[in-house]
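Next come the chains, spelled out residue by residue.
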Amino acid sequence: MGQWECMESMDTLAFYLLSFHVPLSFGGLAVVAHVLHQPILDPKTDQAEEDESYAMVESMDPELYRATTKGNILEFKKAREHGNLDGQYRSSAGGVQLDPQRNTVLHIATSCGHYEIVKLLCKDLPFYVAEKNSKGDAPLHIAARAGDSLLVTLLINCDWREGALELENEEGNTALHEALGHRHRKVAWILINKNPSAWYSVNKEGKSVLYLAAEAGFVDLVKLLMENPVGNCFVKWRIRNKSPVHAAIIGKNIDVLRILWEKDQSSFHLKCDKEGRNALHCSASLGFLEGVNFLASKLCDAVYQRDKYGLFPIHRASSKGQVDIIQAMLQHRPDSRELLTLKGQNIFHVAAKSGNVKAVGSMLKMPELGKLLNEKDHDGNTPLHIATIWGHPRIVDALSLDKRVNLDIENHDGLTALDVAEEYMEPMTSSRKRLTCMALRVAGAPQSPHAKVSKTRKTSRAGQNSEMENYKDKVNAVLVVAALVVAATFTASFNVPGGYNNSNPDQGMATMLAKLKFQEFMICDTVAMYSSIIVIVTLLWALLVDDLCSMKDALKLAVPLLGISIAMMSIAFMAGVYLVVSTLTWLGKVILVMGSNVVIVLAALFIPLCLLSSSNRWVFRQLSYFPFRLLLYAFGCYTNCNEKEDE
């Protein structure tokens, strides 16, 4: 017997076994499956999955669906009768027709706001009120979410209302949850008054109806819920992280807060969130001044409680820049200024770390906080050290210029703020680091002659490699700019304004050679070109030597020369443009004014960049003070954006 004949016989045998329902074990089925070269179907798993994949969803009679969405009561009645007689459409038990989302006609009529159809269905088919769709919503959920008081009234007055008010959807919300969550006060009143003794549990987010009412700021509803059995869901262990007190603070509603205090003062001692913050922490963070005044006067202990991160309420206010909150807390509890975090940091430390310029500036104006300025944390860092470490140049500037701040203080590593700024700052953008160094140098901050960790830092191979790469990037950036300046100035020198003479005796000479502005153009263009060439040669030499000290020295020479080159190129451009438009007097004057302003701005940017980066001389500080202030505010928006990221 050939191979194909054998296989055909085996297939025939398997066919007969299955066709005549020969009893086989699962092992026998495996043999048959092997014979047929087919995968095995486990009757308990694979078959169920196959049936599920081919299962049909619910569908509604199209005429009934169309009439319900349109809201035509006559068409709805006709379609309803027709739909009951037409058996080709699948329907659930009891003849309830459902659409693919398991919505009944009452769901659809409610969502479309067709009152006549809703009224008819509540009269004829009251059990529809308890039907849920695929999201677990009963029609009452939909009406409450929409805030339609008439629809809600029709539904709750239906004869079939057993437990309708307490039905929960997949999110654990009852109709009252939905009404309060969407700020529908009138609907919430209707639902509560319909059955004051109804039980409303917390939803899956842990929010009770009392929490939602407090968050919405419904004072009268909060009072009613606290007095009626509906408020019994206010069980402490169930709302530990969703306290109505916290909700009132989020909504910044002092009236709700007062009612909660009158009805249940013990709830104010609960933690408001997973960060372990109490009510005063939350009020201080959000800038809820009325709440802070109320809580600080009622809850004295809350002022002296730490959260999960070791911060007191006044520290929270400081980190968020809430100056009025700090003043209010100091007024209620003057000794709160002495409070320290787990790291031994005071409110100045916290504000300096978070980068709140407004908070630091305002606190500097409070005489009673003066002694906090030079306090050290557990690492020996003052607020100035902290602001330097986190790279907030505007705060460093504000602190270092205050005469009460001691710039000579060293931390436990023997570092002054300037030492930290120059070598030991946290990784950040070089512009922020440079601005921070400039701020300290303008104020005359000294360096420490004996930094304890300087030797270990300088001998670190990884640190040297990282610094080398950093300086190589700087050198390459300056090289690119210098090369562009050389190319531009070289081209400009042979494409002079006005062109050349084409006739004797001055053939080949510039036509505007005798003009003063032309001579200015040529001189500035030449200076710009040669300065850039010197920059390129210097930096190439530094790259070839491949030495860190050489790169630093080369940059010290190259950056000022590049600044001169760019300034000269700007003046040359101004002179050249003025030459070709000088016959129009007003336009020439505009060009001169614009060019002069640009040169002044360039000087303001390059003077502190060149002089303050490595010099601490008093003369340079005085010359660079105003240019530095301009540079600092020019980068103010940039630093503020980074400060927000740090928070």
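Please refer to the structure higher up on the page.
Summarised in this report is the structure supplied together with it.

1. Here's the deal with the overall build of the protein chain
Across its full length, the protein chain carries 32 helices and 0 strands. Relative to its full complement of 647 residues, the protein chain shows a buried share of 46%. Within the protein chain, residue pairs in contact and separated by at least 24 positions form 71% of the contacts whose partners lie at least 6 positions apart. A total of about 33,600 Å² of accessible surface is found on the protein chain, and carbon and sulfur atoms cover 57% of it.

2. A short note on the pattern of salt bridges
In total, this model carries 13 salt bridges according to the counting rule given. For the salt bridge of Glu 63 with Arg 66, the shortest nitrogen-to-oxygen distance reads 3.1 Å. Of the two residues, Glu 63 and Arg 66 are both situated in helix α4 (residues 62–70); the distance of 3 residues between them amounts to about one turn of the helix. Since its relative accessible area comes to 39%, Arg 66 is described here as partly exposed. Put simply, Arg 145 and Asp 137 hold a salt bridge, and the shortest N to O gap is 3.0 Å. Using a relative accessible area of 27% as the deciding quantity, one classes Arg 145 as partly exposed.

3. A look at unusual backbone geometry
In this structure, Arg 183 is a non-glycine residue whose phi angle is positive, near 60°. Residue placement: Arg 183 occurs in the loop between α10 (175–181) and α11 (185–194). Looking at Arg 183, the relative accessible area reads 46%, which means it is partly exposed. In the Ramachandran plot, Lys 252 falls in the positive-phi region, its phi being about 50° despite a non-glycine side chain. Relative to the elements of secondary structure, Lys 252 occurs in the loop between α14 (244–250) and α15 (254–263).

4. Digging into helix α12 (residues 209–216)
Burial analysis of α12 places 8 of its 8 residues in the buried class, which makes it a mostly covered element. Every buried residue belonging to α12 is among Val 209, Leu 210, Tyr 211, Leu 212, Ala 213, Ala 214, Glu 215 and Ala 216, and all of these are buried. Against α10, α13 (219–227), α14 and α15 lie the buried residues of α12. Trailing α12 by a residue or two, Gly 217 shows a phi angle of about 80°, which is positive.

5. Looking at the side chain of Glu 215
Checked against the element boundaries, Glu 215 lands in helix α12. Look at Glu 215: it is buried, it has no salt bridge, and the nearest opposite charge is Lys 207 at 4.2 Å. Excluding residues within four positions of it along the chain, Glu 215 makes contact with Arg 183, Lys 207, Ala 247 and Gly 251.

6. Brief notes about a nonpolar patch on the surface
Residues Leu 584, Trp 586, Val 590 and Met 594 make up a contiguous nonpolar surface patch of roughly 410 Å² in combined accessible area. Its location among the elements puts Trp 586 in helix α30 (residues 585–611). Given the relative accessible area of 55%, Trp 586 is considered exposed.

Rules and cut-offs
Residues numbered from 1 in each chain as written. Predicted model: local features only at pLDDT ≥ 70, side-chain atom pairs only at ≥ 80, totals over all residues. Heavy atoms only, no water. Helix = DSSP H or I, 4+ residues; strand = E, 2+ residues; numbered from the N terminus. Buried < 20%, exposed > 50% of the residue type's maximum accessible area, 1.4 Å probe, protein only. Contact = heavy atoms within 4.5 Å. Areas by Shrake-Rupley, 256 points an atom, 1.4 Å probe, with all protein chains shown as cover. Salt bridge = Lys/Arg side-chain N within 4 Å of Asp/Glu carboxyl O. Lys, Arg positive; Asp, Glu negative; His and termini not counted. Patch = residues over 30% accessible without salt bridge, like charges linked within 9 Å, V, L, I, M, F, W, Y side chains within 5 Å.

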